[in-house]
Amino acid sequence: MARRFTKKKNTNKNKDTMGKIKHVKTEVDGIVFDSKMESDYYIKLKEDLANGLIKDFELQPEFILQDKYIIVDGQVIEGSHPDFNKLKRRTKAKTVRAIKYRGDFLVTELDDSKVCKDTKGQSTTEFEIKKKLFMYKYPNIKLEVIIYNPKTDTWDDFYEYNKQLRAEKRARKKAEEANS
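Reading the values: rules and limits
Residues numbered from 1 in each chain as written. Predicted model: local features only at pLDDT ≥ 70, side-chain atom pairs only at ≥ 80, totals over all residues. Heavy atoms only, no water. Salt bridge = Lys/Arg side-chain N within 4 Å of Asp/Glu carboxyl O. Helix = DSSP H or I, 4+ residues; strand = E, 2+ residues; numbered from the N terminus. Buried < 20%, exposed > 50% of the residue type's maximum accessible area, 1.4 Å probe, protein only. Contact = heavy atoms within 4.5 Å. Phe/Tyr/Trp six-rings, centres within 6.5 Å; stacked < 30°, edge-to-face > 60°. Lys NZ or Arg CZ within 6 Å of the ring centre and 35° of its normal. Pairing = 2+ DSSP bridges. Right-handed = clockwise from strand over helix to strand, strands pointing away.

(A) Inspection of the pattern of salt bridges at higher detail. This model, assessed by the stated rule, comprises 14 salt bridges. Among the ionic pairs, Lys 36 bridges to Asp 40, the shortest N-O distance being 2.8 Å. With a gap of four residues between them, Lys 36 and Asp 40 both fall in helix 1 (residues 36-50), about one helical turn apart. We note a salt bridge from Arg 102 to Glu 62, for which the minimum N-O separation is 2.5 Å. Of the two residues, Arg 102 is situated in strand 7 (residues 99-102) and Glu 62 in strand 4 (residues 62-66); the sequence distance between them amounts to 40 residues. Using a relative accessible area of 41% as the deciding quantity, one classes Glu 62 as partly exposed.

(B) Here's a closer look at the side chain of Thr 108. Locating Thr 108 in the fold gives a position in strand 8 (residues 105-108). In contact with Thr 108, other than residues within four places in its own chain, are Ile 54, Lys 55, Asp 56, Ser 113 and Lys 114.

(C) Summary view of the packing of aromatic side chains. Evaluated as defined, the whole model comprises 14 aromatic pairs. Geometrically, the ring pair formed by Phe 33 and Phe 105 is tilted, given 6.5 Å between the ring centres and 40° between the ring planes. Remark: Phe 105 occurs in strand 8 and Phe 33 occurs in strand 2 (residues 31-33); sequence separation between them is 72 residues. What makes Phe 33 buried here is its relative accessible area of 3%. Here the aromatic rings of Tyr 41 and Phe 105 are separated by 5.7 Å at their centres, their planes lie at 55°, and the arrangement is tilted. With Tyr 41 in helix 1 and Phe 105 in strand 8, this residue pair connects regions lying 64 residues apart in the sequence. Note on accessibility: Tyr 41 and Phe 105 belong to one class, buried. In this structure an aromatic cluster arises from ring pairing among Phe 33, Tyr 41, Tyr 42, Phe 57, Phe 105, Tyr 148 and Trp 155. Across from the ring centre of Phe 127, 4.3 Å away, lies the NZ or CZ of Lys 120, which sits over that ring.

(D) Molecular detail of the pairing of strand 9 (residues 114-119). Extensive coverage of strand 9 is indicated by the burial of five of its six residues. In this structure, strand 8 lies alongside strand 9, joined through four bridges in antiparallel fashion. Bridge pairing in strand 9 links Leu 106 to Cys 116. Taken together, strand 8 and the strand that follows it, strand 9, pair antiparallel across an intervening segment of five residues, in which Asp 112 is found at a positive phi of about 70°. In the sheet, strand 9 pairs with strand 10 (residues 141-149) via six bridges, with the strands oriented parallel. Looking at the pairing, Val 115 lines up with Lys 142 of strand 10. What joins strand 9 to strand 10 is helix 3 (residues 125-137), and the crossover it makes is right-handed.

Written as structure tokens, this is what we have:
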């Protein structure tokens, strides 16, 4: 008699603590962070603040990239319009929700400039689109995407770090082909 195998249900107990890219939520100072990398950068920012390297920082700043809106008679009415709620009720138009971006940290530098910092282990298409919208809508706030580099024990630019990794991989592959 042949045995029948059924697919087991996913019984991962950490399911509710996992993010989109399977980051494990981490708690520091009673604050729950989406990833270990984010909590490590929080600790670094606290040290920078104590050492006078930055003025201040804020957790999880939220930026509206596109306001909510309704369409009435072929015309777009944004949520900031003074008659938005009245028009919405009168026409029963469906509201299209706002597009928001939530960074990991908003750092105020010593010169009072603002830098939004986002820690990434890997990027998503959604993030890349929101990054472009953010840079367009908030040109006076710099957006830095950072990653921890264990080789140098530094926080590096995410894109430069990955570019360097790809170059190293190409060099290894080329060396292997030359040795073959």
